[in-house]
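Okay, here's what each chain looks like letter by letter:
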Amino acid sequence: MAKMKYEIITDLKLPDGYCGSYRYGKPEGVCLHEPANTGLIQNQIGYELRNPEVNGIVHAWADDDELREISNTDYKCWGAGGIANARLAQIECCRFDDRARAVASIDRGLFWAAYQLFYYKLPCTDATQNGNGTVWTHAAVTKFLGNTDHVDPLAYWNSVGVTWSAAYAQIQKYFYALHSGDSTVVPTLGVAAAAPVQAAPVQAAPAPTPTVKPASGWVQESGTFVPNFAINVRNHPSTSGAV
């Protein structure tokens, strides 16, 4: 089991199959949304649950503090029009006026998307360019699949400094980290990776002081020398040497 960057809370609010089944029995990709208004995660979920047939309902919600699944991803939801609903697992990332909270919410949504691809053994490919792939935005669904007219989440995400290229790159990072067994190594969106600790440079040992060979006929002796006093040194290491 891969180590999870974020816990996914299972809090299913609908019976399995309430919205029907996927066309091939499991998701073929993921779709990312934002709800177009600010609101606490439980309030947003409550609004959907009051009338799912009219208000729509997705599989999961993310905010800056949690990831919560409210509908079983083994069955379709009603979040992006009939064509996409029959194909894609879907998540809403809560809006916040505070940029840091908004980015934290988006990062959790991107992790959830990557985890669905990992869990259902799907590749990670960008569908927003030509409608072929596993990672969709609601805007891409509108453009390539139809049966809906929403264009979220790109405008709002851009307003808080998250481009689609950065978002998709983050999904890729989580996807590959999950396959490697540890998604906790991926830095949170907008947070730079910690710089590696640099080892202290090894100081080279000082070169030894060369020994000066004494002049011929004299020997080099160690000892204590006192300034301003004359010192007699013999030319042989014995009392018979000349001074």
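Anyway, here's the lowdown on the structure attached to this text. (Residues numbered from 1 in each chain as written. Predicted model: local features only at pLDDT ≥ 70, side-chain atom pairs only at ≥ 80, totals over all residues. Heavy atoms only, no water.)

Some points on the overall build of the protein
We count it as follows: Per the convention used, a helix needs a DSSP run of H or I reaching at least four residues, while a strand needs a run of E reaching at least two, with both numbered from the N terminus. Accessible area is worked out with a 1.4 Å probe on protein chains only. A residue is then buried under 20% of its type maximum, exposed over 50%, and partly exposed in between. We call two residues in contact when some of their heavy atoms are within 4.5 Å.
Helices and strands together make up the secondary structure of the protein, namely seven helices and six strands. Secondary structure of the protein in N-to-C order comes out as β-β-α-α-β-β-α-β-α-β-α-α-α. Taking all 243 residues of the protein together, 43% fall into the buried category. Taking all contacts inside the protein whose residues are at least 6 apart in sequence as the whole, residues at least 24 apart take part in 67%.

Observations regarding the side chain of Thr-128
Threshold: Throughout this description, a polar contact denotes any pair of N or O atoms lying within 3.5 Å of each other; where both atoms belong to protein, one of them has to be capable of donating a hydrogen while the other can accept it, and for residues adjacent in sequence the pair is counted only when both atoms sit in side chains.
By the element assignment, Thr-128 lies in the loop between α4 (99-119) and β6 (135-137). Side-chain polar atoms of Thr-128 contact the side chain of Asp-126, separated by 2.7 Å. At 3.1 Å, the side chain of Thr-128 forms a polar contact with the side chain of Trp-164. Once residues lying within four places of it in the same chain are set aside, the contact partners of Thr-128 are Val-135, Thr-137, Ala-140, Phe-144 and Trp-164.

Details of the packing of α4 against helix α7 (residues 164-180)
For clarity, the cut-off: Lines fitted to the C-alpha atoms define the axes, with helices restricted to the stretch that makes contact. Angles between their N-to-C directions range from 0 to 180 degrees. For classification purposes, an angle smaller than 35 degrees is called roughly parallel, one larger than 145 roughly antiparallel, one from 65 to 115 roughly perpendicular, and anything else oblique. Helix crossings fall into two classes, left-handed where the near helix is turned counterclockwise from the far one by less than a right angle and right-handed where it is turned clockwise. When residue character is reported, Ala, Val, Leu, Ile, Met, Phe, Trp, Tyr, Cys and Pro are called nonpolar, Asp, Glu, Lys and Arg charged, and the others, Gly included, polar.
Interaxial distance between α4 and α7 falls to 8 Å at its minimum, and their mutual angle equals 50°. The pairing of α4 with α7 is recorded here as oblique in orientation. The interaxial crossing formed by α4 with α7 has right-handed handedness. From α4, Asp-107, Leu-110, Phe-111, Ala-113, Ala-114, Tyr-115, Leu-117 and Phe-118 reach across to α7, where they touch Ala-167, Gln-170, Ile-171, Tyr-174, Phe-175, Leu-178 and His-179. Split by residue class, the contact of α4 with α7 holds 12 nonpolar, two polar and one charged.

Quick look at unusual backbone geometry
For the bond from Asp-152 to Pro-153, the omega torsion is 5°, close enough to zero to count as cis. Within the fold, Pro-153 resides in the loop between α5 (138-144) and α6 (154-159). Non-glycine residue Ala-36 carries a positive phi angle of around 75°. Inspection of the secondary structure assignment puts Ala-36 in the loop between β2 (29-33) and α1 (41-50). One non-glycine residue with positive phi stands out, namely Asn-147, at about 65°. Relative to the helices and strands, Asn-147 resides in the loop between α5 and α6.

Focus: α7
Under the convention used in this document: Multiplying 1.5 Å by the helix residue count minus one yields the expected span of that helix.
Here α7 spans 24 Å end to end across 17 residues, near enough to the 24 Å set by a 1.5 Å rise per residue. When we look at burial in α7, the residues that qualify are Trp-164, Ala-167, Tyr-168, Gln-170, Ile-171, Tyr-174, Phe-175, Ala-177 and Leu-178. Of the surrounding elements, those touching the buried residues of α7 are β2, α4, β6 and α6. Phi turns positive, to about 105°, at Gly-181, one or two residues after α7.

Regarding the environment of Thr-73
Mapped onto the elements, Thr-73 comes out in the loop between β4 (67-69) and α3 (82-85). A relative accessible area of 7% places Thr-73 in the buried class. Thr-73 sits 16 residues away from Ala-89 along the chain, and the two C-alpha atoms are 6.1 Å apart. In this structure Thr-73 touches Tyr-22, Pro-27, His-59, Trp-112, Gln-116 and Tyr-120, once residues within four positions along its chain are discounted.

A closer look at the sheet that holds β2
Quick reminder of the rule: Pairing between strands is defined by DSSP: at least two bridges between the two strands are required.
Taken in spatial order, the six strands make up an open sheet running β1-β4-β3-β5-β2-β6, and their pairing is mixed. Edge positions in the sheet fall to β1 (8-10) and β6, since each of these pairs with one other strand and no more. Looking at each pair of strands side by side, their axes are set apart by 25° on average, direction ignored. Where strand β3 (residues 60-62) and β4 come together, three bridges link them in antiparallel fashion. When the bridges of β4 are listed, Trp-61 appears paired with Arg-68. Along the sheet, α4 makes contact with β1, β2, β3, β4, β5 (88-93) and β6, crossing β5 at roughly 170°. Here α7 sits on the sheet in contact with β2 and β6, set at roughly 145° to β6.

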